[in-house]
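A look at the structure
Chain by chain, the residues run as shown.
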Amino acid sequence: MRCEICGKSIEGRPLRTKIDGSVMEVCENCSKFGRILKTPPKPKRTLVKKPKPKSRNIQQRRRDEPIEELIEDYNIIIRQKREVKGWSREDLGSKINEKVSVINRLESGKMVPDIKLAKKLENILKITLIEKFDDIDLESFKKSSSNGPTLGDIVKIKKK
């Protein structure tokens, strides 16, 4: 090993020295130009567990599992059912352990509830907010038309 300043051959271990902001391995003579750093202890070998590879698509589900979807006018249904029961927004919030601001945003349509919150509302208000749809078999559509399925073949048209 050679000194990084003078180039002399170093016998033994070189000294790690910080000179003008740079860390260099130098001989004992050249180490006086800077501050000698302590040699770091050898790192201990530790066994690092590799994280399990995540599935390609987290939302990937079985073909026979239904899709849960929130109905369109959830906010009106929530407000109407709450008023029929004679509850204030504060009452409903306390019954499902949610803040009044959450109830306000739900009823105004500014917030879309997640499935967990929608199920809480369904249970307490005895309403249906979540629709379940089965997977659509695209293969049957492909066979029925030569150009493949169209959007009209796939979309379920809601009747008002």
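Anything mentioned here points back to the structure above.
A brief structural summary.

Reading guide: rules and limits
- Residues numbered from 1 in each chain as written.
- Predicted model: local features only at pLDDT ≥ 70, side-chain atom pairs only at ≥ 80, totals over all residues.
- Heavy atoms only, no water.
- Salt bridge = Lys/Arg side-chain N within 4 Å of Asp/Glu carboxyl O.
- Helix = DSSP H or I, 4+ residues; strand = E, 2+ residues; numbered from the N terminus.
- Pairing = 2+ DSSP bridges.
- Buried < 20%, exposed > 50% of the residue type's maximum accessible area, 1.4 Å probe, protein only.
- Contact = heavy atoms within 4.5 Å.

The subject of this paragraph is the pattern of salt bridges. This structure, assessed with the given rule, holds 6 salt bridges. The partner of Arg79 in a salt bridge is Glu83, with the nearest N and O atoms 3.8 Å apart. Here Glu83 and Arg79 lie together in helix H1 (residues 74-85), a separation of 4 residues that amounts to about one turn. Of the charged contacts in the structure, one is a salt bridge between Arg82 and Glu107, with a shortest N-O distance of 2.5 Å. Linking Arg82 in helix H1 with Glu107 in helix H3 (residues 100-108), this pair joins segments that are 25 residues apart in sequence. Several salt bridges share partner residues, and in doing so they unite Arg79, Arg82, Glu83, Arg89 and Glu107 into one network.

Two modes of strand pairing occur in sheets, parallel and antiparallel, and in both the strands are linked by backbone hydrogen bonds. The antiparallel open sheet is built from 3 strands, whose spatial order is S2-S1-S3. Of all strands in the sheet, those bounded by a partner on one side alone are strand S2 (22-26) and strand S3 (35-36). Relative to S2, strand S1 (residues 15-19) runs antiparallel, the two being bridged by 5 bridges. Among the inter-strand pairings, Ile19 is bridged to a residue of S2, identified as Ser22.

Here Asn75 shows up in helix H1. For Asn75, a relative accessible area of 16% corresponds to the buried category. When residues no more than four places from it in sequence are discounted, the contact partners of Asn75 are Leu106, Glu107, Ser108 and Gly109.

Fair warning: the whole summary comes from geometry, so function is off the table for now.
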